[in-house]
Amino acid sequence: DDQAPTRLFEPLRELANCRMPLNQWDEWCRRLAAWTRGFSAWSHSRYVTSSESSKNTSSREAWKQRSQGRGNNPPQVQNSQSNNRNRAIRRKANLQKLYRMNPKACMDIIRRSPKPPRCEVHIPVVHDYFKRKNDQPPLVIGETPPPFPVWPRSAEVDLLDTPFTEQEVEAVLRSLPNNSAPGPDRLRYADWKRLGSSSVSILTSVINTCRVNKRIPLSWKASSTILLHKAGDTINLDNWRPIALQNTIYKVYSGAIAKRLACWAVETGRLSSSQKGFLPYEGCLEHNFVLRSVLQDEKILRVSILQVQPGNC
């Protein structure tokens, strides 16, 4: 049933934009967690069904190509002189194309590929290592942080308190990649996009409920941390990079707030004119141009000084 997630979410939608006492909020969070688990199971079952259907279709297409004498051509070998990034991008694109044509052959290639190294260090040792590494130094007594600027309440500040619209949430969801790794809820951005406009309506309702109540579900703060091997000895924890995989619904929520805050800061002039990164527009190119111009002017000035020295006449 394509409308099952939307229909089961209706009891939660009734509390959107409503302030709730703590006990009612906890009940709403439990219902949202239960709905998320159901939606994850529904998405997984739909994915398996669509994969079986595409597998049958791709098998028929492969049989048709073999019958026409087009299925025995070896795959094109990529240029070995390309850099690692381009090779990785091409390999990913080739795997995606092969999976659409023949999922079984694609999975055979993946299974025969060498497995990435796994960290063999015990989990308590890894936990203590990264905990010590990320601990902040204590604040020196007598040192006070600079005062945070407090702006008077105005219509500009009220723009941050207005309810989120479906257009804002849709823009955030559309900008996110489909094949990102899922968090503990096992939901990818592609699962949300598969619902179409219904997912945008659901996400907008959840975001506005959190906005009105000024809190988020505790389950959103949980994440699955994995270690990626960079290079060198696998026993040395300095050679591993931790990545925390969070729930996609929480990342959509954070993205909507970050985008609105960035737009508000730009429109109201709250940021310095020197700030170019992490903005809705590309500004680092301007800094690069200024730096290149300074270096070029310095080089011209040095050549001019050498030319006017008495020994060079």
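Note: the structure precedes this text.
Thresholds, definitions, all that
- Here the residue index of a chain counts from 1 through its sequence in written order.
- Local features in this predicted model are restricted to residues whose pLDDT is 70 or higher, and side-chain atom pairs enter the listing and the counts only when it is 80 or higher, whereas totals over whole chains, interfaces and linings include all residues.
- Side-chain numbers come from the whole structure's heavy atoms, not from hydrogens or water.
- Counting from the N terminus, the helices are the DSSP runs of H or I reaching at least four residues and the strands are the DSSP runs of E reaching at least two.
- The buried label applies to any residue whose accessible area, calculated with a 1.4 Å probe on protein chains only, is under 20% of its type's maximum; exposed applies above 50%, and partly exposed to all values in between.
- A contact between two residues is defined here by any heavy atoms of the two lying within 4.5 Å.
- Residues with no salt bridge and a relative accessible area higher than 30% make up the patches, which join like charges within 9 Å and nonpolar side chains (Val, Leu, Ile, Met, Phe, Trp, Tyr) within 5 Å.
- Only the protein chains shown count as cover for residues, and all accessible areas are computed by the Shrake-Rupley method using a 1.4 Å probe.
- A pairing counts as a salt bridge when a side-chain nitrogen of Lys or Arg comes within 4 Å of a carboxyl oxygen of Asp or Glu.
- Stacked, edge-to-face and tilted are the three classes for Phe, Tyr and Trp ring pairs, Trp counted by its six-membered ring, which pair at centre distances within 6.5 Å; planes under 30 degrees apart are stacked, over 60 edge-to-face, the rest tilted.
- Remark: a charge is flagged as sitting over a ring if the NZ atom of Lys or the CZ atom of Arg is within 6 Å of the ring centre and within 35 degrees of the ring normal.
- For every element, the axis is a line fit to its C-alpha atoms; helices are fit only across the contacting stretch, and the angle between N-to-C directions ranges from 0 to 180 degrees.
- Every angle not falling under 35 degrees, over 145, or within 65 to 115 is termed oblique; those three ranges are roughly parallel, roughly antiparallel and roughly perpendicular.
- Here is the rule for handedness: rotate from the far helix to the near one, and if that takes an anticlockwise turn smaller than a right angle the crossing is left-handed, while a clockwise turn gives right-handed.
- The residue classification treats Ala, Val, Leu, Ile, Met, Phe, Trp, Tyr, Cys and Pro as nonpolar and Asp, Glu, Lys and Arg as charged. All others, Gly included, are polar.
- Multiplying one less than the number of residues by 1.5 Å gives the expected span of a helix.

Enquirer: Please set out the overall build of the chain residue by residue, giving values where relevant.
Expert: For the chain, the count of helices and strands is eleven helices and two strands. Sorting the 313 residues of the chain into buried and exposed places 26% on the buried side. Put simply, 65% of the contacts in the chain that link residues at least 6 apart link residues at least 24 apart.

Enquirer: Provide a residue-level description of a nonpolar patch on the surface, including the pertinent values.
Expert: Taken together, the side chains of Val266, Leu271 and Tyr281 present a nonpolar region at the surface, about 250 Å² in accessible area. Val266 sits in the partly exposed class, given a relative accessible area of 33%.

Enquirer: A description of the packing of aromatic side chains should follow, citing residues and the corresponding values.
Expert: All told, the structure shown has ten aromatic pairs when counted by the stated rule. Between the aromatic rings of Phe9 and Trp35, the centroid separation amounts to 5.2 Å while the plane-to-plane angle is 65 degrees, which identifies the pairing as edge-to-face. Here Trp35 lies in helix 2 (residues 22-67) and Phe9 lies in helix 1 (residues 4-13), a separation of 26 residues in the sequence. For the residue pair Phe9 and Trp35, the accessibility class agrees, reading buried in each case. A ring pair is formed by Trp35 and Trp192, whose centres lie 6.0 Å apart and whose planes are at 35 degrees; its orientation type is tilted. In this pair, Trp35 is assigned in helix 2 and Trp192 in helix 8 (residues 189-194), connecting sequence segments 157 residues apart. Take Trp192: its relative accessible area is 0%, and that puts it in the buried class. These aromatic residues form a ring-pair network of at least three members: Phe9, Trp35, Phe39, Trp42 and Trp192. Here the guanidinium or amino end of Arg260 rests over the ring plane of Phe164, the centre of that ring lying 3.9 Å away.

Enquirer: Explain the packing of helix 1 against helix 9 (residues 197-213) to me, and be specific about the residues and the numbers.
Expert: Put simply, helix 1 and helix 9 touch, their axes get as near as 11 Å, and they point 20 degrees apart. What the angle tells us is that helix 1 and helix 9 run roughly parallel. Where helix 1 crosses over helix 9, the two elements pack in a sense that is left-handed. In this structure, helix 1 contributes Pro5, Thr6, Phe9 and Arg13 to the contact, and helix 9 contributes Ser198, Ser201, Ile202, Ser205 and Val206. Of the residues belonging to the contact of helix 1 with helix 9, the class tally is four nonpolar, four polar and one charged.

Enquirer: Go over unusual backbone geometry with me, naming the residues and quoting the values.
Expert: Phi is positive for Arg186, close to 65 degrees, though the residue is something other than glycine. For Arg186, the location among the structural elements is in the loop between helix 7 (166-175) and helix 8.

Enquirer: Please provide a residue-by-residue account of the packing of helix 7 against helix 9, values included.
Expert: Two elements in contact, helix 7 and helix 9, have axes separated by 9 Å at closest approach and are oriented at 110 degrees. Between helix 7 and helix 9, the crossing angle belongs to the class labelled roughly perpendicular. Crossing hand, helix 7 versus helix 9: right-handed. Here Glu166, Val169, Glu170 and Leu173 of helix 7 lie close against helix 9, whose contacting residues are Ser199, Val200, Ser201, Leu203, Thr204 and Ile207. When its residues are assigned to classes, the contact of helix 7 with helix 9 shows five nonpolar, three polar and two charged.

Enquirer: Tell me about helix 10 (residues 248-267), residues and numbers included.
Expert: Taking 1.5 Å of rise per residue, the 20 residues of helix 10 would be expected to cover 28 Å, and the 28 Å separating its terminal C-alpha atoms lies within 8% of that figure. Along helix 10, the residues classified as buried are Thr248, Ile249, Tyr250, Val252, Tyr253, Ala256, Arg260, Ala262, Trp264 and Ala265. In the segment just after helix 10, Gly269 is the residue with positive phi, at about 70 degrees.

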